Amino acid sequence: MAKKDQQIIVIGAGVGGLTAACLLLKAGFPVKVLEAHVYPGGSAGTFYHKGYRFDAGATLAGGFSLGGPHARLAEILDLTWPVSPVDPAWLVHLPHKQITQWAEQEQWAEERRAKLPGTEKFWRLQEKLATISWDISTRPFPWPPQSVGDLWKLSQSLRPATMTAMPYLASTMGSLARSQLSDNGNFQGKYDEFHAFLNAQLLISTQTTSDSANALFGSAALNLPRRGVNHVRGGIGNLARTLADWFRENVGELHFRQQIVELVVRMDGSKLLRTNKGMEVKADIVVANLTPWGLAKLLGDKVPVPIQQTINETPATWGAFTLYLGLDTEKLPGGIAEHHQVVVNPQRPLGETNSVFISLSAAEDETRAPKGHRAATLSTHTAIAPWWQLKENDFPDYEARRTEYAERMLVAAENAIPGLRRAVRLCLPGTPVTFERFTRRPQGMVGGFAQESLFAARGPKTGLPNVWLVGDSIFPGQSTAGVTVGAMRVATTINNFA
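None of the values given here were measured: they were computed from a predicted structure.

(A) Focus on the packing of helix α4 (residues 120-137) against helix α9 (residues 215-222). In contact at an axis separation of 8 Å, α4 and α9 are set at 95 degrees when each is read in the N-to-C sense. Taken together, the axes of α4 and α9 lie roughly perpendicular to each other. Residues Phe-122, Trp-123, Gln-126, Leu-129, Ala-130, Ser-133 and Trp-134 of α4 form the contact with α9, whose participating residues are Leu-216, Ser-219, Ala-220 and Leu-222. For the contact of α4 with α9, a count of residues per class yields eight nonpolar, three polar and no charged.

(B) Structural view of the pattern of salt bridges. Counted according to the given criterion, the structure contains 16 salt bridges. Note that Arg-112 and Glu-120 form a salt bridge whose closest N and O atoms lie 2.8 Å from each other. Classification of Arg-112 by relative accessible area gives buried; the value is 2%. Across the pair Asp-472 and Arg-441 runs a salt bridge whose closest N-O atoms are separated by 3.1 Å. Taken together, the residues Asp-472 in the loop between β20 (467-469) and α18 (480-497) and Arg-441 in the loop between α17 (432-439) and β20 connect sequence positions 31 residues apart. With respect to class, Asp-472 is no different from Arg-441; both count as buried. Taken together, the shared-partner salt bridges connect Arg-112, Glu-120 and Glu-127 into one network.

(C) Region of the structure containing the packing of helix α14 (residues 385-393) against α17. Contact geometry of α14 with α17 gives a least axis separation of 8 Å together with a crossing angle of 85 degrees. With respect to α17, the element α14 is oriented roughly perpendicular. In this structure, α14 uses Trp-387, Trp-388 and Lys-391 to contact α17, whose residues at the interface are Pro-432, Val-433 and Glu-436. Partitioned by chemical class, the residues of the contact of α14 with α17 number four nonpolar, no polar and two charged.

(D) Geometry of the packing of aromatic side chains. Scanning the entire structure with this criterion turns up 20 aromatic pairs. Between Phe-321 and Trp-387, the ring centres sit 5.6 Å apart and the planes meet at 15 degrees, which makes this aromatic pair stacked. One end of the pair, Phe-321, is in strand β15 (residues 319-328); the other, Trp-387, is in helix α14, and 66 residues separate them in sequence. For the pair Phe-321 and Trp-387, one class covers both residues: buried. Within the aromatic cluster, the residues linked to one another by ring pairs are Trp-108, Phe-122, Trp-123, Phe-194 and Phe-197. Over the ring of Trp-387 we find Arg-401, and its NZ or CZ is 4.4 Å from the ring centre. The cationic tip of Arg-408 hangs over the ring face of Tyr-405; the distance from NZ or CZ to the ring centre is 4.7 Å.

The rules behind these values
Residues numbered from 1 in each chain as written. Predicted model: local features only at pLDDT ≥ 70, side-chain atom pairs only at ≥ 80, totals over all residues. Heavy atoms only, no water. Axes fitted to C-alpha atoms, helices over the stretch in contact; angles between N-to-C directions. Helix = DSSP H or I, 4+ residues; strand = E, 2+ residues; numbered from the N terminus. Parallel < 35°, antiparallel > 145°, perpendicular 65-115°, else oblique. Contact = heavy atoms within 4.5 Å. Nonpolar A, V, L, I, M, F, W, Y, C, P; charged D, E, K, R; others polar. Salt bridge = Lys/Arg side-chain N within 4 Å of Asp/Glu carboxyl O. Buried < 20%, exposed > 50% of the residue type's maximum accessible area, 1.4 Å probe, protein only. Phe/Tyr/Trp six-rings, centres within 6.5 Å; stacked < 30°, edge-to-face > 60°. Lys NZ or Arg CZ within 6 Å of the ring centre and 35° of its normal.

Printed below as a string of structure tokens:
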């Protein structure tokens, strides 16, 4: 069957779904994208409320520098991203110290030597492993391999330098740190501070902390600020909007307000999809920008073994508690950085308002807020189960917890931006319950799986012929750059074997 005769349906207009859709359209397939919401982006979307444009989840994006996934995609599609670099990437606020995540390499080296003395041996090894990991990511590297073709591509991607990373395949960032710092007798008293900084960076980039984060993946994640992070003009949702515009301009079909509620795989291998609006569409190939839980919901009692195993054997991922703030610019302190990470108490576990990421819209981006105002997104990792238990069994306590978390977030934010509270003109809290309602992600899970083991990474296959996953549930997961890598892999595989 020729490509032009094979109908592809993409479920979800997130960055992963739209990336796959655009690449497959360019390859000659007829492609339709069905999106439940009224705008594209999903977890990396931007919503409008009372004159403000708030980033729903993700607020910064990487992967636009030479060889990065967004840069490669722009070259393939001949499009321009609405981005501008950010330096410093963000400021990390510990109780007695502020550490600046500079994008420029030498500035960062000077900063860590001054603020985290005694750790240079660790950082040198981290940078070496990061260089290897980023180099691999610029070449076709289908991990985990799911076919003979994948194994062949992997063998062709290996370089002599790659082999030097082999001893660290099963290491964690914690074991890496201990091995590099244990011979420094003067460092023990400073370890808590370094440990808090390290864990805070890893939690936002690998969804876990140093004792669990894989050393190779974690090393690359720690280097993200040096690889370049960017503002997206108009909000991070404009990444998905840029892809959606390209898709439509090239005669792809994109339908909003069409939530898939059922996916039927017929005996002949064809697929039938039904939406909440009564639309029925047939497909030869389905690309699902969903979590395994989301795909299982559409399949009913026909869930394939690999998806069921993921659901049964993998803990639920993190959720997020968010505050969306409308701020009076005149009430904010002058000259403040736009991105901050606050660790309130290094002795306590991170998340649950003890670690808070703060992003202010760029002062010069007048599309994000009414004149004289700025939009801000504050977020903290949170376990999803307690929110749902309270929502279903004790709604007054659910509301009280939401109010308590909002207050604690504002207190944490004041550590980074003194006087922020007096600038607040609008305050919208969001829980995992809220996130499920607006993104349709089951239970409000966000961020993808914790990157603990490369050998436990999930690939895009679902166990159903010609049904593929994209998004943050497949390797490498987290971030718009990560989901772009995964979507490019899926599009290439479909194009090669269709």
